Amino acid sequence: MWSLILRAGTIGAMTNPARPTQRLVLVDGSSYLYRAFHAMPDLRVDSSDPTSNPTGAVRGMINMMNALRKEMVQGEQITYGVCVFDAPGPTFRDVLYPEYKATRSRMPDDLRVQIAPIHELVALMGWKVLSVPDVEADDVIATLADCAARQSIEVVVSSGDKDLSQLVNEHITIIDTMNGKRRDVAGVLAEFGVPPSLMVDLQTLVGDTVDNVPGVEKVGPKTAAKWLLEYGSLDNLMAHAGDIKGVAGENLRKAADWLPKGRALVTMKRDCDLSGYTAYSDGRPDFAALVLQGEHAVQLLDFYQRYGFKALLAASQKNNGTSKTSAKPAFQPSAQLDDLFSDPPLVATPNDSIASRKNYETILTMTQLNQWLTRLQGAPIAALDTETDSVHDMLARLVGISFAVKETQQEGDVVHAAYVPLRHSYPDAPAQLAVSEVLAAIQPWLEDASKLKVGQHTKYDRHVLATAGIEVRGYAHDTMLQSYVLEVHKGHGLESLAQRHLGRTGVSFEGLCGKGAKQMTIGQVAVDLVSNYACEDADMTLAVHHVLWPRLELDPKLRSVYELEMASSEALFRMERNGVLIDAERLKEQSKNLGKRIVTLEAQAHDLAGQPFNLASPKQIGEIFFDKLGLPVVKKTATGAPSTDEEVLEKLALDYPLPAKLLEYRGLAKLKNTYTDKLATLANPRTGRVHTHYGQAIAVTGRLSSTDPNLQNIPVRTTEGRMVREAFIAASGKQIASADYSQIELRIMAHLSGDESLLAAFRSGLDVHKATAAEVFGVAVESVSSEQRRYAKTINFGLIYGMSSFGLARNLGIDTKAAAAYIDRYFQRYPGVKRYMDETRTQAKTQGYVETVMGRRLYLPEINSPNGPRRAGAERAAINAPMQGTAADLIKLAMCEVQRVLDAQQRATKLIMQVHDELVFEAPDNEIDWLRLEIPRVMAGVATLKVPLLAEIGVGKNWDEAH
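Note that the structure is a prediction, hence the values are computed from the model and not measured.

Draft legend 1. Fine view of unusual backbone geometry. In the segment running from Asp 708 into Pro 709, the intervening peptide bond is cis, with an omega of 0°. Along the chain, Pro 709 falls in the loop between β17 (705-707) and α29 (719-725). Non-glycine residue Asp 134 carries a positive phi angle of around 75°. Within the element layout of this structure, Asp 134 appears in the loop between β3 (128-130) and α7 (137-150). On the basis of relative accessible area, Asp 134 is assigned to the exposed category, the value being 53%. Look at Gln 743: it is not a glycine, yet its phi comes out positive at around 45°. Mapping Gln 743 onto the fold places it in the loop between β19 (734-741) and α30 (744-753).

Draft legend 2. Representation of the environment of Leu 950. With respect to the helices, strands and loops of the structure, Leu 950 is situated in the loop between α38 (928-940) and β24 (951-956). The spatial distance from the C-alpha of Leu 950 to the C-alpha of Phe 762 is 9.9 Å, given a sequence separation of 188 residues. If we skip the residues at most four places from it in the chain, Leu 950 touches Asp 740, Tyr 741, Ser 742 and Arg 747.

Draft legend 3. Structural context of the packing of aromatic side chains. Applying the stated criterion across every chain yields a total of 15 aromatic pairs. With centroids separated by 5.7 Å and ring planes inclined at 45°, the aromatic side chains of Tyr 80 and Phe 287 adopt a geometry described as tilted. Of this pair, Tyr 80 sits in strand β2 (residues 80-84) while Phe 287 is found in the loop between β8 (284-285) and α14 (297-306), placing the two residues 207 residues apart along the sequence. Above the face of the Trp 372 ring, Arg 375 is positioned so that its terminal group lies 4.9 Å from the ring centre. Just above the ring of Phe 827 sits the side chain of Lys 834; from NZ or CZ to the centre is 6.0 Å.

Draft legend 4. Representation of the state of the cysteines. In the structure shown here, the tally under the stated rule is 0 disulfides. Cysteine Cys 513 shares no disulfide, and the gap to the nearest cysteine sulfur, in Cys 535, comes to 15 Å. Under the relative-accessibility criterion, Cys 535 is labelled buried at 0%.

Draft legend 5. Examining the packing of helix α6 (residues 115-124) against α14 more closely. Packing of α6 against α14 brings their axes to within 10 Å, and their N-to-C directions diverge by 150°. When the axes of α6 and α14 are compared, the pair comes out roughly antiparallel. When the axes of α6 and α14 are compared, the crossing they make is left-handed. When α6 is examined against α14, the residues Pro 117, Glu 120, Leu 121 and Leu 124 are found in contact with a partner set consisting of Gln 299, Leu 300, Phe 303 and Arg 306. Along the lines of polarity and charge, the residues of the contact of α6 with α14 split into 5 nonpolar, 1 polar and 2 charged.

Draft legend 6. Representation of the pattern of salt bridges in the model. Across all of its chains, the model carries 49 salt bridges by this definition. With a shortest N-O distance of 2.7 Å, Lys 459 and Glu 576 are connected by a salt bridge. Linking Lys 459 in helix α19 (residues 458-467) with Glu 576 in helix α24 (residues 556-578), this pair joins segments that are 117 residues apart in sequence. Here Asp 838 makes a salt bridge to Lys 834, at a shortest N to O gap of 2.9 Å. Taken together, the residues Asp 838 and Lys 834, both in helix α36 (residues 831-847) and 4 residues apart, mark about one turn of the helix. A residue is classified by how much of its surface remains accessible, and Lys 834, at 34% relative accessible area, is partly exposed. Put simply, Arg 93, Lys 101, Glu 136 and Asp 139 are held in one network by salt bridges that share partners.

Draft legend 7. Highlighting α38. Across its 13 residues, α38 extends 18 Å between first and last C-alpha, which sits within 8% of the 18 Å expected from 1.5 Å per residue. At Glu 934, α38 shows its largest kink, close to 25°, and the proline Pro 936 lies no more than four residues downstream.

Draft legend 8. View of the sheet that holds β19. Strand order in this open sheet of 4 strands is β22-β23-β19-β24, and the pairing throughout is antiparallel. At either end of the open sheet lies a strand with only one pairing partner, and these are β22 (910-915) and β24. Across the sheet, the mean angle from the axis of one strand to that of its neighbour is 25°, orientation sign disregarded. Note: β22 against strand β23 (residues 918-924), 5 bridges, orientation antiparallel. In the sheet register, Leu 911 faces β23, and the bridge partner there is Phe 921.

Draft legend 9. The confidence of the model for the protein, seen in detail. Across the protein, the average pLDDT comes to 86, with 91% of residues at or above 70. Low confidence marks residues 1-20, where pLDDT is under 50. Its contacts with residues over four positions away, or in another chain, come to 85 contacts. Between residues 322-357, whose pLDDT stays under 50, and residues either more than four places distant or in other chains, the model counts 66 contacts.

Draft legend 10. Layout of the nonpolar core. Grouped together as the largest cluster of nonpolar side chains are 102 residues, with contacts concentrated most on Phe 625, Phe 728, Tyr 741, Met 913 and Met 939. The element contributing the most residues to this core is helix α37 (residues 868-904), with 10 residues. Beyond its immediate stretch of four places on either side in the chain, Met 939 contacts Ala 739, Asp 740, Tyr 741, Ile 891, Ala 894, Val 898, Leu 919, Leu 949 and Ala 951. Residues Val 84, Ala 148, Val 219 and Ala 224 belong to the second largest nonpolar core, which totals 58 residues.

Draft legend 11. The arrangement of α36 in detail. Taking 1.5 Å per residue as the helical rise, α36 with its 17 residues ought to reach 24 Å, and the 24 Å between its terminal C-alpha atoms agrees with that figure. All of the buried residues in α36 are Gly 832, Val 833, Tyr 836, Met 837, Thr 840 and Ala 844. All buried residues of α36 lie within an arc of 135° about the axis, which places them on one face of the element. In this fold, the buried residues of α36 make contact with α30, α31 (756-763), α33 (786-800), α35 (816-829), β20 (849-851) and α37.

Draft legend 12. Spotlight on the environment of Gln 847. By secondary structure assignment, the location of Gln 847 is in helix α36. Residue classification places Gln 847 among the partly exposed positions, given a relative accessible area of 32%. The sequence separation of Gln 847 and Met 394 amounts to 453 residues, and the corresponding C-alpha distance is 42 Å.

Draft legend 13. Inspection of the side chain of Ser 753 at higher detail. When you line up the elements, Ser 753 lands in helix α30. In terms of polar contacts, Ser 753 uses its side chain to reach the backbone carbonyl oxygen of Met 749, at 2.8 Å.

Draft legend 14. View of the pairing of strand β4 (residues 154-158). Across the 5 residues that make up β4, a large majority, 5, are buried. Side chains of β4 alternate between two faces, with Glu 154, Val 156 and Ser 158 and Val 155 and Val 157 buried alike. By the bridge criterion, 5 bridges tie strand β1 (residues 23-28) to β4 in an arrangement that is parallel. The partner of Val 27 across the bridge, within β4, is Ser 158. As paired elements, β4 and strand β5 (residues 172-176) share 4 bridges and run parallel to each other. The residue of β5 that forms the bridge with Ser 158 is Ile 175.

Draft legend 15. Main features of the packing of helix α26 (residues 618-628) against helix α28 (residues 657-676). Following both chains from N to C, one finds α26 and α28 inclined at 160°, their axes separated by 12 Å at the closest point. When the interaxial angle is binned, α26 and α28 end up roughly antiparallel. Between α26 and α28 lies a crossing whose hand is left-handed. Together, Ile 621, Ile 624 and Phe 625 of α26 and Leu 658, Pro 659, Leu 662 and Arg 666 of α28 make up the contact between the two elements.

Draft legend 16. Up close: the sheet that holds strand β6 (residues 181-183). The mixed open sheet is built from 6 strands, whose spatial order is β3-β2-β1-β4-β5-β6. The open sheet has two edge strands with one neighbour each: β3 and β6. Taking each pair of neighbouring strands and ignoring which way they run, the sheet shows an average axis angle of 20°. Each of β1, β2, β3, β4 and β5 touches α7; the most contacted strand, β1, lies at about 170° to it.

Draft legend 17. Looking closely at the side chain of Thr 909. Its location among the elements puts Thr 909 in the loop between α37 and β22. A distance of 2.5 Å separates polar atoms of two side chains, one belonging to Thr 909 and the other to Glu 927. If near-sequence neighbours (up to four positions away) are discounted, Thr 909 is found in contact with Leu 902, Phe 921, Glu 922, Ala 923, Pro 924, Glu 927 and Leu 931.

How each quantity is defined
Residues numbered from 1 in each chain as written. Predicted model: local features only at pLDDT ≥ 70, side-chain atom pairs only at ≥ 80, totals over all residues. Heavy atoms only, no water. Helix = DSSP H or I, 4+ residues; strand = E, 2+ residues; numbered from the N terminus. Buried < 20%, exposed > 50% of the residue type's maximum accessible area, 1.4 Å probe, protein only. Contact = heavy atoms within 4.5 Å. Phe/Tyr/Trp six-rings, centres within 6.5 Å; stacked < 30°, edge-to-face > 60°. Lys NZ or Arg CZ within 6 Å of the ring centre and 35° of its normal. Disulfide = S-S within 2.5 Å. Axes fitted to C-alpha atoms, helices over the stretch in contact; angles between N-to-C directions. Parallel < 35°, antiparallel > 145°, perpendicular 65-115°, else oblique. Left-handed = near helix turned anticlockwise from the far one by under 90°. Nonpolar A, V, L, I, M, F, W, Y, C, P; charged D, E, K, R; others polar. Salt bridge = Lys/Arg side-chain N within 4 Å of Asp/Glu carboxyl O. Expected span 1.5 Å × (residues − 1). Bend = angle between axes of the 7 residues up to and from the residue. Pairing = 2+ DSSP bridges. pLDDT = per-residue confidence, 0-100. Core = buried A, V, L, I, M, F, W, Y, C linked by side-chain atoms within 4.5 Å. Arc of directions from axis to C-beta. Polar contact = N/O pair within 3.5 Å; in protein donor to acceptor, adjacent residues only side chain to side chain.

Set out below in structure tokens:
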């Protein structure tokens, strides 16, 4: 986030005339700096030099501290202000328990070098900075909070750390700065199920996986809270531990010796000696030494200059009436880039005294609507957002619609936003314009391609409006996709984007509608509340666009990827809208047959075990496998119990019949429960078809995800899995066609590596697996056996995914030395592949990301991790991601080009699915011959690589026949 703005209404709610007027605000600086670091882009002192010192966390900290100070003043003046950071080195907890925090990753170097500047910055902003050795920041906060509360000073702790909830009492409140959540006594009880006085006991029972503090095995917060409310305390619970039944009771009693140490680890120290770090009076911290100061303006100017914060420097000079035009900073970062990171204006909420700054409007008359249509017609670009009654895009009905535009006026840029409520129904709801009247009025603007529009996840809004009879044109931008291309490794929701790029936290959907069983639909919420929420969404969408789009414009490769994503969104919208026809009767018959098979397998498993048992119970399976049958333990779970996961079953199944039977049972049960029982129920009642949802901003490689139903995970290597595809059928007079790329990732590897032998194999049209087998085994291509080809195929695809000799040995069923020898021989024959892999690893370590052929960036945050397994995983991803990502780019290019050709030739053929590297069509019988010739040609021509692209097509009455 570039600044963090707490809701003024939340802070104001804490103001109470009956409370003391003195207030201490304690900032969890360590929590703040980590959040700032991970939320910000990779900023540098010199934006043109990626090796210069990083400044992203510093920049985020500036905005977060500024926003906190501004917002606290909205409620009640801060009297005392302290920002507490962890000190370097071990603490008393490390002495008590050497494994404490042993599983935490080492602090990133780029963050470590920013800590000293952040300490300096916070002090210059007027806050007392404390960093005390041998204890944690939480302990210092606990000591100061407890001492202040005993003096009836109101305490607000600003932190996202839930563990601090143990401090809460009538004088101490925790504010979660990420989402505005307030934890007072009632809030702690509501969130955790116990009052603050029992939070230490709750944490002791549950443990802390982040800090590597064990709790009671398999006891979660709900069980712990139930016990504590029943017995009153952990001590009383342990006194009655013998009364607790079942496995939970056994685990509780087993943990009895550990729990005292666990409690000592999770309990915050409230008596830290701070005498060497702040003034003391009468044996306790002197709060007079902790008074929040004003900013040190001149020193801050120097600080901004040293770290290249050009916009902040200019703003501070203007505000303080100073000028340093004669003094140039040591570095001159890009003015365009720095302007993107300038502080946003404070955003008010409905109960702010400055609410008029928003220029938000609720449209309840045609006069208002017509005035807004005039404004929209004249806007260079407008944000558009819908409010609906469902998250399912094909089922959702329009409840309201909002707009936002930015206008340049004499006093500067002004954002106007408006909400048109349409279907709010609750007692005393205001009269609203008729849906048909509103849609008829706005349809010309919505369908005018020359009127540019921006949205957040525009594909969803297009479905909602299409269901209402409007085909939106002119969607020029999508902020979700802008973020996806620029920062694929971060969140792309509007709330996340607004926090990161605007320093704004808007009203959340749950904050508006509630959550769980009591959640209301948007149409049941008061119009004025929804209006503010909807206007805010449109406003923030427009603002985020004005931040992200200039960054894309500056990078031609990323801009090209973004344009592909926008075109793909259009094609996917149409594909989702088309849907696919499902044979419900065939699925019903398949479910019936699978049910019989599953019952038979269950009986066979019972016979092999020598007793009945629950095939879905890991505990019972473990008892049968390891206690009764004495099967070898392959690996253990995190709690030390023998594992029975799928990987273990697959290994044991090679030698023992029961695990093999269990694997077969699980596979069929999953197939039945996930697909044959449910597919037909997912058909849209209006169209009679199944309309999957393609998630476009999910996978970091650029691949699509598929949900409701998930078409990507239908198993195709088993007979039963392929049978499911038989239920995907064409309408009468039509057929299903399936077109996919042949060996696409191997072709991409040949292109990227430039290996001459691999290029020659593809250019000559050879069977690449046979060609590899001939190279590796030293035989003529025509003499390669089927077994040798299988080995070569495993090697080819295994190396793409970074498979080790151990992994290859396991896949081929050979020893590790033989597998290593095959890999060595492969690299001797294909030295270009080895060179590409080595260079890619080095490049990834240097810049932190790799790229696809098109320039899509794939970030690797663990590539320089001190954790060996994580680093090795990132290195494997560095090799594979460019291939997977390029394959994703190619199928998107193909999808868009195929749709363009279908439109240009006015074909009746429709794209109905995209699954991995495959496009699926529903085509009239009279277009099948054209399809067989044209689609492979179009797909092969979407990009020029060093090897030819090859697309193959099949046709049938159903999806399975088309393969």
